[in-house]
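Listed below, chain by chain, are the residues.
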Protein chains: 2
Amino acid sequence: MSERVLAIGVDFGTESGRALLLDTGTGEQLATSVTRYPSAVIDRELPSGGKRLPDDWALQDPQDWVHVLETAIPDVIEQAGVSAEDVVGLGIDFTSCTVLPVTDEGVPLSTLDRWRERPHAWAKLWKHHAAQPVADRLNQVALDRGEDFLARYGGRISSEWYFPKLIQIWEEDREVYDACDRFIEATDWIIWHLTGAECRQSATAGFKAMWSPEEGLPSVEYFEAAYPGFDRPDEKLGDHFVALGTKAGSLRSEVAERIGLPESVAVAVGNVDAWVSVPGAGVSEPGTFVIVIGTSICDMVVHADEIRLPGITGVVKDGILPGRYGYEAGQAAVGDMLAWFVDKLIEQGEDYAALEKAASELEPGETGLVALDWWNGNRTILADADLTGALFGLTLQTRREEIYRALMESIAFGSRRIMDNFEEHGLELTKIVACGGIAERSPLMMQLLADTSGREVLVPDYSEIPARGAALFGAVAAGVFHDIDTAIEATRPSGMRSYRPDAQATEVYEEVYAIYRKLYDILGRDDVGLMHDLKRIRSRQERE
Amino acid sequence: MSERVLAIGVDFGTESGRALLLDTGTGEQLATSVTRYPSAVIDRELPSGGKRLPDDWALQDPQDWVHVLETAIPDVIEQAGVSAEDVVGLGIDFTSCTVLPVTDEGVPLSTLDRWRERPHAWAKLWKHHAAQPVADRLNQVALDRGEDFLARYGGRISSEWYFPKLIQIWEEDREVYDACDRFIEATDWIIWHLTGAECRQSATAGFKAMWSPEEGLPSVEYFEAAYPGFDRPDEKLGDHFVALGTKAGSLRSEVAERIGLPESVAVAVGNVDAWVSVPGAGVSEPGTFVIVIGTSICDMVVHADEIRLPGITGVVKDGILPGRYGYEAGQAAVGDMLAWFVDKLIEQGEDYAALEKAASELEPGETGLVALDWWNGNRTILADADLTGALFGLTLQTRREEIYRALMESIAFGSRRIMDNFEEHGLELTKIVACGGIAERSPLMMQLLADTSGREVLVPDYSEIPARGAALFGAVAAGVFHDIDTAIEATRPSGMRSYRPDAQATEVYEEVYAIYRKLYDILGRDDVGLMHDLKRIRSRQERE
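What comes next concerns the included structure. (Residues numbered from 1 in each chain as written. Chains lettered and ligands numbered in written order. Predicted model: local features only at pLDDT ≥ 70, side-chain atom pairs only at ≥ 80, totals over all residues. Heavy atoms only, no water.)

A few words now on the packing of helix H9 (residues 273-280) of chain A against helix H15 (residues 465-477) of chain A. Residue and element names in this part refer to chain A. Across the interface, H9 lies against H15 with an axial gap of 7 Å and an inter-helix angle of 75 degrees. What the angle tells us is that H9 and H15 run roughly perpendicular. Across the interface between the two elements, Asp 273, Val 276, Ser 277, Pro 279 and Gly 280 from H9 touch Ile 465, Pro 466, Arg 468, Gly 469, Ala 470, Leu 472 and Phe 473 from H15. (Axes fitted to C-alpha atoms, helices over the stretch in contact; angles between N-to-C directions. Helix = DSSP H or I, 4+ residues; strand = E, 2+ residues; numbered from the N terminus. Parallel < 35°, antiparallel > 145°, perpendicular 65-115°, else oblique. Contact = heavy atoms within 4.5 Å.)

Another point: the packing of aromatic side chains. Residues and elements named next belong to chain A. Counted by the stated rule, this structure contains 55 aromatic pairs over all chains. Relative to Phe 422, the ring of Tyr 327 has its centre 6.2 Å away and its plane inclined at 90 degrees; by these criteria the two rings are edge-to-face. Taken as a pair, Tyr 327 in strand E15 (residues 325-331) and Phe 422 in helix H12 (residues 400-424) lie far apart in primary sequence, 95 residues in all. Of the residues examined, Tyr 327 reaches a relative accessible area of 0% and is grouped as buried. (Phe/Tyr/Trp six-rings, centres within 6.5 Å; stacked < 30°, edge-to-face > 60°. Buried < 20%, exposed > 50% of the residue type's maximum accessible area, 1.4 Å probe, protein only.)

For the rest of this paragraph, the subject is the interface of chain A and chain B. One frequent convention defines the size of an interface as the accessible area lost when the parts assemble. Facing 52 residues of chain A, the contacting portion of chain B comprises 52 residues. Both sides together, the interface formed by chain A and chain B hides about 4,500 Å², and carbon and sulfur atoms give 63% of it. If you sort the residues of chain A by the area they bury against chain B, Leu 394, Leu 396 and Leu 534 of chain A come out on top, with a joint share of 15%. Applying the counting criterion to the chain A and chain B interface returns six salt bridges. Among the salt bridges present, the one from Asp 527 of chain A reaches Lys 518 of chain B, with a minimum N-O distance of 2.8 Å. Linking chain A to chain B there are 21 residue pairs in polar contact (both at pLDDT 80 or more). For the side of chain A that touches chain B, the secondary-structure elements that each account for two or more residues are helix H10 (335-345), strand E17 (389-394), H12, helix H17 (503-526) and helix H18 (528-543) of chain A. For the side of chain A that touches chain B, the element with the highest residue contribution is H18 of chain A, accounting for ten residues. Partitioned by chemical class, the residues of the side of chain A that touches chain B number 26 nonpolar, eleven polar and 15 charged. Both E17 of chain A and strand E17 (residues 389-394) of chain B contribute to a ladder of five bridges, which runs antiparallel. (Buried area = accessible area lost by both parts, 1.4 Å probe. Salt bridge = Lys/Arg side-chain N within 4 Å of Asp/Glu carboxyl O. Polar contact = N/O pair within 3.5 Å; in protein donor to acceptor, adjacent residues only side chain to side chain. Nonpolar A, V, L, I, M, F, W, Y, C, P; charged D, E, K, R; others polar. Pairing = 2+ DSSP bridges.)

Below, the discussion takes up the nonpolar core. Judged by nonpolar contacts, the single largest core of 157 residues is most densely connected at Phe 341, Phe 392 and Phe 422 of chain A together with Phe 341, Phe 392 and Phe 422 of chain B. Here Phe 422 of chain A is in contact with Phe 289, Val 301, Leu 309, Ile 312, Tyr 327, Ala 329, Leu 427 and Leu 429 of chain A, once residues within four sequence places are set aside. Ile 8, Ala 31, Phe 94 and Ala 186 of chain A belong to the second-largest nonpolar core, a separate cluster that totals 44 residues. (Core = buried A, V, L, I, M, F, W, Y, C linked by side-chain atoms within 4.5 Å.)

In structure tokens form, the structure reads like this:
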């Protein structure tokens, strides 16, 4: 027992957090434990006093995150029946950009009576969308000024990112803005809480705060052109960031006591749930396309060089794995498009399993349908939130399982389109590793990814991929492994389910994909005004 | 009582026939009576001996039609409590092209023991689609030879028409072909049965048998190019046709006895359900667009001159009202597209009335959706059976009533597109008269027709429109009125529900229609290969 060398990873999601206990010698996951956030997503009223929130707001309570640490970590130790003394490293990952205002001592404003009733004092969750007008303005001004930084982000920044959220506070509650010393990513705040020292990683700065090691932030002139008076963009962000894989410190004594671990435990700098899935899924090499598929899709690939290409979410040095350029792309509606069909359109008529079974019995091309998977806009490669979904080929004979399959095929075609984009710009891709809820639950979706791309799809035979990746970083911080690559190599489980492309299916899907791609170009580019007009008319008519 | 001058119209539909008793003095409908066909649509096996029919067959039993005459006519007399002696005229209308092989005495082959077991001896219902390969071949050869007659039919003939059905017999059962003297429209056969004399109208010859008063039939060379040996195309059709409104004769004595009317009753030549709806709805003037809207849409307009224009079903002299050119167009999927959505896609989730109510509460343009109403191909103006439906603008927020409304709007846009086509070729249209099941049941559909076209829509306040039109022709045959126009004028009911276009709605729909029309051109013309490829792939994959 005492020969075991253990690491813990804690994955902070949208509704709950989960801890995972890893045996660094065998790669075995000894225990996991999930703790729900008591306040979950705060999108209706503040827990402090019932103050009603406007539409599109989404907040969280940092005390909920602390509750996860103090509940789930002791639980995995107890479940596994191991000695806490054998734990040497701790890593965490968080949703992003989830960000909160804190004092110079790292105290969240929302925990202080003085600020507790002020909505802007709370942590803004990644899916807080109330800063869309700020994002629109920042994008427009960047385009007008020909700002070079946009090229790192496929030409467009998102309302979910750092500066839209920060500037919303600056505009709407200057007192909160002035009162906070840092506006900090939650992943970095957890590290501060654990170690007592501020130590921020560079990946979120790069992917979410428009910062790069070479160029720093966009210019003050740019920010002032968009928001006159907003002349110190680095004021709350800071300018010192370290690479992923760095050790942030060790546990503070009072935290160590509360979570039941020795103070000696090494803590890695914070990570982000999507990116940490790459090492979590055992991937470190270029050429492997990692797809995290759930509500939406996050695609990741690493490469030795920086290649600027259009239509990606971002490319950031050290952004996914230290020492490499991390590329991110994605699809905006995936699981939620399927959920829309089942829960909202056909309602209780059928469940997912029955639909997937019926859809599985169809042949490629047999539905006669093609969908454009833009139910929630297109994240990449078109980066157009005003696109909407479309469905072609409907007949009086069309059955619901045919539509369901067509939606799944459109997700696969969307991934294929993104892979094509990478390859057309010199990033060769040889295989796919998929993880996330849909990868675990839907063999049909995995087979479609293989058949439409002609590439093998591998799915890890274990779940809790992000927490595993975080634990690996914890082990690296503790010095168990020299670096993350060594850690991945040493602990990679042998079990991966493999979905190989079927040659005949791939041939048919080449034909259908040609139709998809033509429709994609017509409605997403050449005649994109049609979709935009539809949405513009809808917005106007809804208001009236 | 004895001052009443009465006429009867009998409307033969797909599942049943109905009689209507009309007071020619007041225009009042005194009674109606429906009789279902005992054998309904024969599409699985022959009633005679259980012989299994191939797919796409649809037959009827002429004895069922006689049953309607002998049941429904006595019933309206009894219901109204009038004297049969006051009935002076009888008119009928039938589905078309419903057509049957008969002897030289007008006896249907299917009633003779010698032929009763042979499927081709039975009446082929309008929706018998097993002659599609024949129609395909006739179309291809006509195109290859540059046949001029195609221009009267918008460039394409249908598998439902006369010659595809006749040539199917010629090919598949030459004995039946040889044994019949006439292959006759059911509407003409009923008249033969009633009067004992063959007297055929020219409207079906024009609309369904490629005949015109000036040019006759397509050449023998054309038919022989398509089907070598089929060298007497007029053999079963004959070449003598009279205009609608002509008196065919009086009742045979044995028929008069069986249906309970005096032998003196004048019988008008047969009519067709769609076309007779024009006088039935009180329309005789050019410029009024008559829409019969049910499972599909039949559009009609009359005009003094012949204008050849693309994308119509046909233009035929005397085809709708005598002395004028009748123009027909239509939409292939209307009621059945809505039924697909309710019954097949969302199933028992909601009923039509609840969906229509929810859809009615939405504003024009608020759905953010546009549909192309091609679930069953496009009849006019594209005349392309291989087109399929499409739906644009879907989001995670899209609700089922929004899709339902978008489908209804697409029906209205389809009608607008057809009206635009007429107007662009010099046929001015000032208002719309709508009838049929959906006109009676759906105020929303009527308002959408008004709002999308900017034209007033009038819906007769009475039902049984075709039977009423047939009765008016009966009254004309009896000399009660000088001609059909006088009859329409004299009996037009005052009650018409009016749907006036809402100026604001029309303005919004102009914008949405511009999007519809652009998508229509892209997917129906410029890039029509995409839709065709989808269908081709589907057909191939289904076969495998």
